[in-house]
Amino acid sequence: MGEMVTIPVEEYIALQEAAEDLADLRASERVKAAVEHGDDEYVPAELVNRILAGESPLRVWREYRGLTQVALSEAAGINRTQIAQIESKKQVGSVQTLKSLAEQLGITVDDLI
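Residues numbered from 1 in each chain as written. Predicted model: local features only at pLDDT ≥ 70, side-chain atom pairs only at ≥ 80, totals over all residues. Heavy atoms only, no water.

It is worth spelling out the pattern of salt bridges at this point. A complete count under the given rule lists seven salt bridges for this structure. Measuring nitrogen to oxygen at the nearest pair gives 4.0 Å for the salt bridge that ties Glu-63 to Arg-62. For Glu-63, a relative accessible area of 39% translates into the label partly exposed. Residue classification places Arg-62 among the buried positions, given a relative accessible area of 8%. The closest approach of N and O atoms between Glu-87 and Arg-62, which form a salt bridge, is 2.5 Å. Of this pair, Glu-87 sits in helix α5 (residues 80–87) while Arg-62 sits in helix α3 (residues 57–64), and the two are 25 residues apart along the sequence. In this structure, Glu-87 and Arg-62 share a single accessibility class: buried. (Salt bridge = Lys/Arg side-chain N within 4 Å of Asp/Glu carboxyl O. Buried < 20%, exposed > 50% of the residue type's maximum accessible area, 1.4 Å probe, protein only. Helix = DSSP H or I, 4+ residues; strand = E, 2+ residues; numbered from the N terminus.)

What follows concerns α5. Each turn of an α-helix holds 3.6 residues, which means side chains three or four residues apart point in the same direction. Buried residues of α5: Gln-82, Ile-83, Ile-86 and Glu-87, and no others. The buried residues of α5 occupy an angular sector of 135° when the element is viewed end-on, so they sit on one face. On its buried face, α5 sits against α3, α4 (69–76) and α6 (95–105). At the N-terminal end of α5, a side-chain oxygen is found 2.6 Å from the backbone nitrogen of Thr-81, two or three residues along, and the residue is Asn-79. Within two residues after α5, Lys-89 carries a phi angle of roughly 65°, on the positive side. (Arc of directions from axis to C-beta. Contact = heavy atoms within 4.5 Å. Polar contact = N/O pair within 3.5 Å; in protein donor to acceptor, adjacent residues only side chain to side chain.)

What follows is about the environment of Val-92. One can find Val-92 in the loop between α5 and α6. Sequence spacing of Val-92 and Gln-82 is 10 residues, and the spatial spacing of their C-alpha atoms is 9.3 Å. Not counting the four nearest positions on each side in its chain, Val-92 is found in contact with Ile-86 and Leu-98.

Quick look at a negative patch on the surface now. A grouping of Glu-17, Glu-20, Asp-21 and Asp-24 is seen on the molecular surface, where their side chains present a negatively charged patch. For Glu-20, the position within the fold is in helix α1 (residues 9–37). (Patch = residues over 30% accessible without salt bridge, like charges linked within 9 Å, V, L, I, M, F, W, Y side chains within 5 Å. Areas by Shrake-Rupley, 256 points an atom, 1.4 Å probe, with all protein chains shown as cover. Lys, Arg positive; Asp, Glu negative; His and termini not counted. Charge placed at Lys NZ, Arg CZ, Asp CG, Glu CD.)

Here we take up unusual backbone geometry. Here the phi dihedral of Lys-89 falls at roughly 65°; this positive angle occurs in a residue that is not glycine. Looking at the secondary structure, you find Lys-89 in the loop between α5 and α6.

Moving on, we come to the nonpolar core. Ranked by internal contacts, the top residues of the largest apolar core, which has 15 residues, are Leu-58, Leu-72, Ile-83, Leu-101, Leu-105, Ile-107 and Leu-112. Counting residues per element, this core draws most heavily on α6, at four residues. Setting aside anything within four residues of it in sequence, one finds Leu-112 in contact with Pro-57, Leu-58, Leu-98, Leu-101, Ala-102, Leu-105 and Ile-107. (Core = buried A, V, L, I, M, F, W, Y, C linked by side-chain atoms within 4.5 Å.)

Where α4 contacts α5, the two axes come as close as 8 Å, and the packing angle between them is 115°. When you trace α4 past α5, the crossing you get is right-handed. Residues Gln-69, Val-70, Leu-72 and Ser-73 of α4 pack against Arg-80, Ile-83, Ala-84 and Glu-87 of α5. Counted by class, the contact of α4 with α5 contains four nonpolar, two polar and two charged residues. (Axes fitted to C-alpha atoms, helices over the stretch in contact; angles between N-to-C directions. Left-handed = near helix turned anticlockwise from the far one by under 90°. Nonpolar A, V, L, I, M, F, W, Y, C, P; charged D, E, K, R; others polar.)

Below, the structure is given as structure tokens:
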């Protein structure tokens, strides 16, 4: 068995919290580097809150990117009516449709579901 050290509980808790803080800082630095490199982007809380409130992710992302349904339709090669149905949650959209929409919006398919 290896060497053992006995420390007060308060000190142990402080060490755990410091380790968690360090892990958070490292994660933050990875995100910052990804944003600076263009591999990721910061997303406004308003956008996230709209999606969490149940609004269509497709509509939220489309509006965030400043696109109309027609513009997105033309860029993605998807019928505008289908985009409207997905946004109103009357239709889900095939994987290929969601992939095309996500590519045009610069997001992943996971961001749309």
